[in-house]
Amino acid sequence: MATAVKNTHTKNMLLDLKIMGPILALIVLVLVGAAMNGNFLSAGNISNVLSRSAFIGIIAVGMTFVITAGGLDLSVGSMAAFIAGLMILVMNGLLPTMGAGWPLVMVGLLTAIVAGTAAGFINGFLITTMRIDAFIVTLGTMGIYRSLVTWLADGGTLSLDFGMRAIIRPIYFDGILGISWPIIVFALVAIIGEVVMRRAAFGRHVAAVGSNDQVARYSSVNVNKVRMMTYVFLGVLVGIATIMYVPRLGSASSSTGVLWELEAIAAVIIGGTMLKGGFGRVWGTIIGVLILSLIGNILNLTDGVSPYLNGAVQGVIIILAVILQRDKKAEG
Amino acid sequence: MKFTKFAGAVALGATLVMPAFAQDTKVIGVSIPAATHGWAGGMNFHAQEAVKRLEEVYPELDFVLATASDAAKQVNDIEDMVATRNIDALVVLPFESEPLTSPVKAVADGGAWVTVVDRGLSIEGIEDLYVAGDNAGFGKVSGEFMVSAMPEGGKIVAFRGIPTSIDNERVAGFEAAIEGSGIEIIGMEHGNWNRDDSFVVMQDFLSKHAQIDAVWASDDDMAIGILAAIEAAGRDDIQFVLGGAGMKEMIARTRDGDTMIPANVTYPPSMIATAIELTAVGLTSTAPVSGTFVIGSVLVTSDNAAEFYYADSPF
């Protein structure tokens, strides 16, 4: 009896640390940043960091669902680059017939969403219907999209027509009440993702499939459909992230979105979602994304660390954040 | 893996014996990195153009062009060229110096002519001809322009590329050129020759420093990201941004008198064409072409920008 009581006690403490771990890490980073540079907490800097987090953040919300369902998607960075290239080509191509203006921007946005949906569907189809391992499928599509964008750009850079760039630019740089659009969209995606994960039947199905797909199947959950939906959602979110990305510099090349997939996956894991599936936490993912962006920002704002070591600092903080919320099961 | 490569080699070899048998053609192998960024894209373009042109000029020459996405693939490419095409000359722009040194040395030991481009090998004396960009000179020309543009000195931020010896040589050349001029580098970070990374770094530099007089972007891709960050922040303390490598969009802006981009410093991707042409000359004539050929970095201003604008190139 005594041991049982003791077990629940330690378990509760661990649970607290598991929830608090990422938040603590974020608070520590904010304090460090504020102490090191007076401009760290300025409105401009906060707005910069949140806006640039939006690409990875929007994608990472989708990645949370994919990983919770026991899957993985390595193709998102290449997919974003390919969609960005496609979006630019379509808008440039239709410019002579449609003229520069908001209708053409809408066509561009639609292109991104449709392409994202299709790309997500292809990944999902190969993984669920063709029953190929997610790691292999998305490793394959990662290479395919990366090559396609290099090919589309002829090895160089695809640039949006200059006139169109001026029209589309506000999507990244403007907003409401001083809050830029990427931040607003990021917040909306995060809130919807959190609600779906916590409150909707779909969120529970995703966790059930990731936890034990046999049991989920016997509980009359359509396992393949749930898995497929997670990849399609992720594809749509990659499309949305690309819509935020293209207006920033108005260009896409083979170096667009490199390593976004790993940043998104790292953010998801820092946030407390289990890499092997079965449990996901969208708000944790958001904290994870912010932690990753803040590290880069703080390193740029301070002089103490050699830029050669940026990657090392990032690695140490990722591992620390995950150690803080280590699962008891991992030891046994 | 070995078997398939061998089988492929046999198959390729069988198809390629025919022309070699028909007449005494000489084969030049060209091995370059794939077009993974703007400069490499331009380099690929110029390599293809040179091969196309030379195949017409010299009917007795055959060319094999291979692009590699990493150093290991490039080693395979070179081994395959020797095994299946029995190349008489190799023009190689090494992906990385270390891993390519011994495979290229093996080619040279086998009696083929070797031309190395841009990145040198780890051991000296392997190549017959070295066509090199002048990285220290690139930094020096950039620094000298900074000094002439800011005679009273000022505060600048500097952007570095991917940490490599190329990058170190450029920065060393730049720092030597601005020494004692009153120009102070108040921030230096890696933008990795990437627009997005440079945009982010520049945003943070703008938050950190209230006054920045000029930016040494050192590369045109980075300059584009930097310019976008400056524009978004609405800052007007920055007088100009000095890029480099001569991307055609940036050359056009210099040509058209954009005051934010008053100059550019070349590091021409077309140096691969120089290397291929010289190799062809070496194989087909008695003119000596061995040695080192350094392609200087030239300052481009609005006066001479039109000469450096290549309309067809992707870069």
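Fair warning: this is a prediction, and the values are worked out from it, not measured in the lab. Within any chain, residue numbers begin from 1 and follow the written order of that chain's sequence. Here every chain gets a letter starting at A, and every ligand a number starting at 1, in the order they are written. For a predicted model such as this one, the threshold for reporting local features is a pLDDT of at least 70, and the threshold for listing and counting side-chain atom pairs is 80 or more; totals across whole chains, interfaces and linings nevertheless cover every residue. To obtain the side-chain values, all non-hydrogen atoms of the structure were used and water was disregarded.

Caption draft 1: The overall build of chain A, seen in detail. Helix and strand counts for chain A come out as 14 helices and four strands. By principal-axis analysis of the C-alpha atoms, chain A measures approximately 80 × 55 × 35 Å. Looking at the 332 residues of chain A, the share that counts as buried comes to 50%. As displayed, chain A has an accessible area near 15000 Å², and 71% of this comes from carbon and sulfur atoms. Under the convention used here, Asp and Glu are negative, Lys and Arg are positive, and both His and the chain ends fall outside the count. Charged side chains are reduced to one point each, which is NZ for Lys, CZ for Arg, CG for Asp and CD for Glu. One finds the centroid of the 20 positive side-chain charges in chain A at a distance of 10 Å from the centroid of its 13 negative side-chain charges. A run of H or I in DSSP becomes a helix once it reaches four residues, and a run of E becomes a strand once it reaches two; helices and strands are each numbered from the N terminus. Each residue is placed in one exposure class: buried if its accessible area under a 1.4 Å probe, protein chains only, is under 20% of its type's maximum, exposed if it is over 50%, and partly exposed if it falls in between. For the accessible areas, the method is Shrake-Rupley and the probe is 1.4 Å, while residue cover comes only from the protein chains on display.

Caption draft 2: Focus on the sheet that holds strand 3 (residues 89–92) of chain B. Residues and elements named next belong to chain B. Spatially, six strands are ordered 2-1-3-4-5-11 in an open sheet, and the strand pairing comes out parallel. At either end of the open sheet lies a strand with only one pairing partner, and these are strand 2 (61–68) and strand 11 (291–295). With direction set aside, neighbouring strand axes in the sheet form an average angle of 15 degrees. Any two strands with at least two DSSP bridges between them are considered paired. By the bridge criterion, four bridges tie strand 3 to strand 4 (residues 113–117) in an arrangement that is parallel. Note on strand 4: the bridge partner recorded for Ala-89 is Trp-113. We call two residues in contact whenever any of their non-hydrogen atoms come within 4.5 Å of each other. Between the N-to-C directions of two axes lies an angle of 0 to 180 degrees, each axis being a line fitted to C-alpha atoms and, for a helix, fitted only over the stretch in contact. Seen against the sheet, helix 3 (residues 71–85) touches strand 1 (26–33), strand 2 and strand 3 and runs at an angle of roughly 155 degrees to strand 2.

Caption draft 3: Local environment of the pattern of salt bridges. Residue and element names in this part refer to chain B. For this analysis, a salt bridge means a side-chain nitrogen from Lys or Arg found within 4 Å of a carboxyl oxygen belonging to Asp or Glu. Scanning all chains against the criterion turns up 17 salt bridges over all chains. Among the ionic pairs, Asp-237 bridges to Arg-235, the shortest N-O distance being 3.0 Å. By relative accessible area, which is 22% here, Arg-235 ends up partly exposed.

Caption draft 4: Expanded view of the interface of chain A and chain B. Facing the 31 residues of chain A at the interface are 29 residues of chain B. When the two sides are added together, the surface that chain A and chain B hide from each other amounts to roughly 2400 Å², 44% of it contributed by carbon and sulfur. Two parts placed together each lose some accessible area under a 1.4 Å probe, and adding up what both lose gives the buried area. Considering only the surface of chain A that becomes buried against chain B, A:Leu249, A:Asn300 and A:Tyr308 emerge as the three largest contributors, covering 24% of it. Connecting chain A to chain B are three salt bridges.

Caption draft 5: Examining the sheet that holds strand 6 (residues 154–160) of chain B more closely. All names here are of chain B. An order of 7-6-8-9 is seen for the four strands of this open sheet, with the pairing classed as parallel. Edge strands, defined here as strands with exactly one partner in the open sheet, are strand 7 (183–190) and strand 9 (240–242). Pairs of neighbouring strands in the sheet enclose a mean axial angle of 20 degrees, with direction left out of account. Note that strand 8 (residues 214–216) and strand 9 share three bridges and pair parallel. In the sheet register, Ala-214 faces strand 9, and the bridge partner there is Phe-240. Sheet strands touched by helix 8 (residues 220–233): strand 6, strand 8 and strand 9. Its angle to strand 9, the strand with the most contacts, is close to 165 degrees.

Caption draft 6: Quick look at the packing of aromatic side chains. Two rings from Phe, Tyr or Trp (for Trp, the six-membered ring) form a pair when their centres sit within 6.5 Å of each other. Planes less than 30 degrees apart are called stacked, planes more than 60 degrees apart edge-to-face, and all others tilted. The full count for this structure, using the stated rule, is 16 aromatic pairs over all chains. With a centroid separation of 4.8 Å and 80 degrees between ring planes, the pair formed by A:Tyr172 and A:Phe173 is classed as edge-to-face. Aromatic side chains B:Phe174 and B:Trp216 sit 3.8 Å apart centroid to centroid with 5 degrees between the ring planes, which places their arrangement in the stacked category. Remark: B:Trp216 occurs in strand 8 and B:Phe174 occurs in helix 6 (residues 165–178); sequence separation between them is 42 residues. The exposure class of B:Trp216 is buried, given its relative accessible area of 1%. These aromatic residues form a ring-pair network of at least three members: A:Phe55, A:Tyr172, A:Phe173, A:Tyr245, A:Trp260 and B:Phe199. Above the face of the A:Phe173 ring, A:Arg169 is positioned so that its terminal group lies 4.3 Å from the ring centre. Think of it as a cone above the ring: NZ of Lys or CZ of Arg counts as a charge over the ring if it is within 6 Å of the ring centre and within 35 degrees of the ring normal.

Caption draft 7: Examining a nonpolar patch on the surface more closely. To count toward a patch, a residue needs a relative accessible area over 30% and no salt bridge; like charges are then connected within 9 Å, while nonpolar side chains (Val, Leu, Ile, Met, Phe, Trp, Tyr) are connected within 5 Å. On the surface, a cluster of nonpolar side chains totalling about 630 Å² of accessible area is made up of A:Phe121, A:Phe125, A:Met130, A:Ile132, A:Phe135, A:Ile136 and A:Leu139. Secondary structure elements with two or more residues in the nonpolar patch: helix 4 (102–128) and helix 5 (134–152) of chain A.

Caption draft 8: Broad picture of the nonpolar core. Definition of nonpolar core: a set of buried residues of the types Ala, Val, Leu, Ile, Met, Phe, Trp, Tyr and Cys, connected through side-chain atoms within 4.5 Å. Core analysis: the biggest nonpolar cluster contains 169 residues, and A:Ile58, B:Met146, B:Met202, B:Val241 and B:Ile276 have the highest contact counts within it. If one sorts the elements of this core by residue count, helix 11 (residues 223–249) of chain A sits on top with 13 residues. For the domains described, the bounds stem from an automatic or database domain assignment. Split by domain, the residues of this core number at least three in each of domain 1 (2–133 + 269–296) and domain 2 (135–265) of chain B. In terms of nonpolar packing, the next biggest core, distinct from the first, is built from 21 residues, B:Val27, B:Val64, B:Ile87 and B:Leu90 among them.

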